[in-house]
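If you want the building blocks of each chain, they are given just below.
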Amino acid sequence: MQDAQFELHAQLEDRHWWFTARRRIVRRLLSLVIPPNACVIDIGCGTGANIASLVPPYRGLGIDPAGAAVARARQRFPGVEFVQGEAPAALGTRFAEGDALLMMDVLEHIAGDQDFFDKVAAAARRGAVFLITVPAGPELWSPHDEVFGHYRRYTLETLRALWQDRPLSPWLCSYYCSRLYPIIRAVRRWTAYRGRSPGWKGTDFRLPLRPLNRFLAWLFEGEAAKLEAALRRRLARGPLDEPPPYGRGSSLIAVLRKE
């Protein structure tokens, strides 16, 4: 992303319904798979709000190759450590200290997503948990994706292919942001037709009025219940042959464990 997008993130990620609800969903899922005081490494941390929201109860470290993003993160969240550089190499042996590794809407920005994912997985310690989110649905491709430098939007199958035949056990892999999918799809079709997005700096992001913003955050976060239930069943009973909690959505979320 460019500096303008990082500045936009810094302005919106503390308040916009999509960012705030996603952080709450991630926190709820992490609480099921790692204990308090575990070390969480946020790969591609951007301007820092995601990892900062987890400290405490966890020990957090953010890493991002973009100097502009890391500078903003350090300024905004001085109590969290941020490192500029490419993961995992820039952290050296410290990378293996991560009990949980976050990649929250990161992989779509990387041309060689499989090579990058393999490097990260190889450097992670055995037992480490991965929590991954990516934008979903090639049919939702719009100028918003182009402005943010996306290479792709994923399907359930293309996301699962990243860890196929690797020593990683999937605990959860599902679409989410499902309740709002019909509205998001309609907006994306309209912006694709027009050739530009209606929000700030050429994106779809625009801060709604406060009551609407709260309602949308509540609606999105409400999906956490089904995701938590599916993850609990997997943890309690082992691999389950069941469909994902949500069969469509504008994003995908996965929780994995390295064996």
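As shown above, the structure is provided for reference.
Each value, and the rule that gives it
- Residues numbered from 1 in each chain as written.
- Predicted model: local features only at pLDDT ≥ 70, side-chain atom pairs only at ≥ 80, totals over all residues.
- Heavy atoms only, no water.
- Patch = residues over 30% accessible without salt bridge, like charges linked within 9 Å, V, L, I, M, F, W, Y side chains within 5 Å.
- Areas by Shrake-Rupley, 256 points an atom, 1.4 Å probe, with all protein chains shown as cover.
- Salt bridge = Lys/Arg side-chain N within 4 Å of Asp/Glu carboxyl O.
- Helix = DSSP H or I, 4+ residues; strand = E, 2+ residues; numbered from the N terminus.
- Buried < 20%, exposed > 50% of the residue type's maximum accessible area, 1.4 Å probe, protein only.
- Arc of directions from axis to C-beta.
- Pairing = 2+ DSSP bridges.
- Axes fitted to C-alpha atoms, helices over the stretch in contact; angles between N-to-C directions.
- Parallel < 35°, antiparallel > 145°, perpendicular 65-115°, else oblique.
- Left-handed = near helix turned anticlockwise from the far one by under 90°.
- Contact = heavy atoms within 4.5 Å.
- Nonpolar A, V, L, I, M, F, W, Y, C, P; charged D, E, K, R; others polar.

Asker: Where do I start with a nonpolar patch on the surface in this structure?
Answerer: Taken together, the side chains of Leu209, Leu212, Phe215 and Trp218 define a hydrophobic patch exposed on the protein surface, amounting to about 490 Å² of accessible area. Mapped onto the elements of the fold, tryptophan 218 is located in helix H9 (residues 210-221).

Asker: Mind showing me how you'd approach the pattern of salt bridges here?
Answerer: Should their charged atoms come close, side chains of opposite charge can pair. Applying the stated rule across the entire model yields 14 salt bridges. When the shortest N-O distance is used, the salt bridge between arginine 188 and aspartate 145 registers 3.4 Å. Taken together, the residues arginine 188 in helix H8 (residues 181-194) and aspartate 145 in helix H6 (residues 143-147) connect sequence positions 43 residues apart. No difference in accessibility class separates arginine 188 from aspartate 145, as the two residues are buried. Residues joined by salt bridges that share partners form a network here, namely Arg24, Arg28, Glu221 and Glu228.

Asker: Looking at this structure, how should I read helix H4 (residues 67-76)?
Answerer: Because each turn of an α-helix spans 3.6 residues, side chains separated by three or four positions in sequence point in the same direction. For H4, the set of buried residues is Ala69, Val70 and Ala73. In an axial view of H4, the angular spread of the buried residues amounts to 95°, which keeps them on one side of the axis.

Asker: I tried to follow the pairing of strand S6 (residues 168-176) on my own but got confused; where do I start?
Answerer: Strand residues, when the strand is regular, have side chains that alternate between the two faces of the sheet. Buried residues dominate S6, accounting for 8 of its 9 residues. In the sheet, S6 pairs with strand S7 (residues 251-258) via 8 bridges, with the strands oriented antiparallel. Residue pairing for S7: leucine 168 is matched across the bridge by lysine 258.

Asker: Got a minute to help me understand the packing of helix H2 (residues 17-33) against helix H10 (residues 224-237) in this structure?
Answerer: The angle between the axes and the distance between the axes are what describe a pair of packed helices. As a packed pair, H2 and H10 sit with axes 10 Å apart at the nearest point and diverge in direction by 15°. With respect to H10, the element H2 is oriented roughly parallel. The hand of the H2/H10 crossing is right-handed. Touching Ile25, Arg28, Leu29, Leu32 and Val33 of H2 are Ala224, Ala225, Leu227, Glu228, Leu231, Arg232 and Leu235, all from H10. Looking at the contact of H2 with H10 residue by residue, the classes come out as 9 nonpolar, no polar and 3 charged.

In short, the description is geometric, and any link to function would need to be established separately.
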